[in-house]
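Tertiary structure, described
What follows is each chain in one-letter form.
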Amino acid sequence: MDTREVGLYWRRNAHAWTALSRQGWDVYRDTLNTPAFLAMLPNIDGQSGLDIGCGEGHNTRLLAGRGARMTGVDIVPAFLEAARDAERDNPLGIRYAAGSGELLPFASRQFDFATAFMSLMDMPAPETALREACRVLRPGGFLQFSISHPCYSTPHRRQLKNESGQPYAVEIGRYFDRIDGELERWTFSAAPQETRAAYPVFEIPRFNRTLSEWLNAILDAGFTIERTAEPHADEEMARRVPHIADTRVVAYFLHVRCRKPSWLPR
Ligand SMILES: C[S@@+](CC[C@H](N)C(=O)[O-])C[C@H]1O[C@@H](n2cnc3c(N)ncnc32)[C@H](O)[C@@H]1O
């Protein structure tokens, strides 16, 4: 599946994704994934940043709130329209541009940092996207990104529960399959049934890479790896937000911060 077709699927997802996430139903993102991402982020006050695969701009706005001069880029115009509406209602100086992470519409070496929240694994060629991110960074700049964890978000994946219905393990398989655009259908499971029923389920094309393929792609793009994280709920958080208690079983997300060496000219 090529990037254009991936964009068509995301175009169809955009309305439901924007509505449901703005109603607060992306509970993994809001209570765990984004807070952990921001906790690992260096000081970005006064820096120019690019948010790759920004969607409707939720995380882009959080970065702007930390003092960064943000640009968001996404392949889906409907997401960008929603992001621009939010910018009009509450201006944070964010500009939004249409484009693919695999062919960024920006000159080289113009951003101090880049982020990609849960978007690189949705691209057919994340290797190209990593090279593009490296290209648009100034030497010494960093990219921080989150992805579905390559070891535990495998094409075959089944949650195992004990007699009292508590998840205790995950059965995984097809780890090495190079799947190319296999559709995954789901919605935000925290939303009540009647809310979920009001929207179509998401259809998300999947592309699989193993952990070593991700690490090698980061290094081949020219980056050095600086920091990693596998966010999960602690006991207290799991009690407070039972919906994310299953993140204590295996890692759902992988966070990586990597840096373009100051000697890298391109
Ligand atoms: C899981 S959503 C994450 C959205 C947002 N970053 C967030 O955390 O709320 C993935 C996003 O990646 C975008 N996307 C998919 N392929 C892309 C590509 N090739 N270039 C840019 N954005 C892309 C989708 O349109 C969607 O907005």
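Our subject is the structure listed above.
A short tour of the structure in this document, coming up. Everything numeric here is computed off the predicted structure, so don't read it as measured data.

So, about the overall build of the protein. Looking only at helices and strands, the protein has 8 helices and 11 strands in total. The C-alpha atoms of the protein give a radius of gyration of 18 Å, which matches the 18 Å a tight globule of 266 residues would have. Once the C-alpha set of the protein is aligned to its principal axes, its extents read approximately 55 × 40 × 40 Å. When burial is assessed residue by residue, the protein has 52% of its 266 residues classed as buried.

This part covers the site of the ligand. In the vicinity of the ligand there are 21 residues, among which G53, N59, D74, G101 and F117 approach most closely. The contact in question runs from an oxygen atom of the ligand to an N or O atom on the side chain of R29, over 3.2 Å. The contact in question runs from a nitrogen atom of the ligand to an N or O atom on the backbone of G53, over 2.7 Å. When the ligand sits alone it has 600 Å² of accessible area, and the protein chains cover 96% of it. When residues of the shell around the ligand are assigned to their parent elements, the largest contribution, 3 residues, is made by helix α1 (residues 3–22). In terms of residue class, the shell around the ligand is made up of 9 nonpolar, 8 polar and 4 charged.

For R109, which is not a glycine, the phi torsion comes out positive at approximately 60°. As for its position among the elements, R109 is in the loop between β3 (95–98) and β4 (111–117). When its relative accessible area of 45% is taken as the criterion, R109 is described as partly exposed.

So, about the packing of aromatic side chains. Across all of its chains, the model carries 16 aromatic pairs by this definition. Here W10 and F79 contribute two aromatic rings whose centre-to-centre distance is 6.3 Å and whose plane-to-plane angle is 45°, an arrangement assigned as tilted. Remark: F79 occurs in helix α4 (residues 77–89) and W10 occurs in helix α1; sequence separation between them is 69 residues. Residue W10 is classed as buried on the basis of its relative accessible area of 11%. Judged by centre distance (4.7 Å) and plane angle (45°), the rings of W17 and F202 are tilted. With W17 in helix α1 and F202 in strand β9 (residues 202–207), this residue pair connects regions lying 185 residues apart in the sequence. Accessibility assignment for this pair places W17 and F202 in one class, buried. By the ring-pair criterion, three or more aromatic residues cluster together here, those being W10, W17, F79, W186, F188 and F202. The ring of Y9 is capped by R12, whose NZ or CZ atom sits 4.7 Å from the centre of that ring.

Mapping H149 onto the fold places it in the loop between β5 (137–148) and β6 (156–161). Among the residues examined, H149 registers a relative accessible area of 2% and is labelled buried. At a separation of 2.6 Å, a polar atom in the side chain of H149 contacts the side chain of E230. The residues contacting H149, other than those within four sequence positions of it, are E230, A251, Y252, F253 and L254.

Sheet architecture is open: 7 strands sit in the order β3-β2-β1-β4-β5-β11-β10, paired in mixed fashion. Only two strands of the sheet have a single partner each, and these edge strands are β3 and β10 (224–229). Each strand of the sheet is rotated relative to its neighbour by a mean of 20°, with strand direction disregarded. With 3 bridges joining them, strand β1 (residues 48–52) and β4 adopt parallel strand pairing. Bridge pairing in β4 links L50 to A114. Where helix α5 (residues 126–136) meets the sheet, it contacts β1, β4 and β5, and its direction lies at approximately 145° from that of β5.

Here is what the cut-offs are and how they apply
- Residues numbered from 1 in each chain as written.
- Predicted model: local features only at pLDDT ≥ 70, side-chain atom pairs only at ≥ 80, totals over all residues.
- Heavy atoms only, no water.
- Helix = DSSP H or I, 4+ residues; strand = E, 2+ residues; numbered from the N terminus.
- Rg over C-alpha atoms; globule rule 2.2 N^0.38 Å.
- Buried < 20%, exposed > 50% of the residue type's maximum accessible area, 1.4 Å probe, protein only.
- Near = heavy atom within 4 Å.
- Polar contact = N/O pair within 3.5 Å; in protein donor to acceptor, adjacent residues only side chain to side chain.
- Areas by Shrake-Rupley, 256 points an atom, 1.4 Å probe, with all protein chains shown as cover.
- Nonpolar A, V, L, I, M, F, W, Y, C, P; charged D, E, K, R; others polar.
- Phe/Tyr/Trp six-rings, centres within 6.5 Å; stacked < 30°, edge-to-face > 60°.
- Lys NZ or Arg CZ within 6 Å of the ring centre and 35° of its normal.
- Contact = heavy atoms within 4.5 Å.
- Pairing = 2+ DSSP bridges.
- Axes fitted to C-alpha atoms, helices over the stretch in contact; angles between N-to-C directions.

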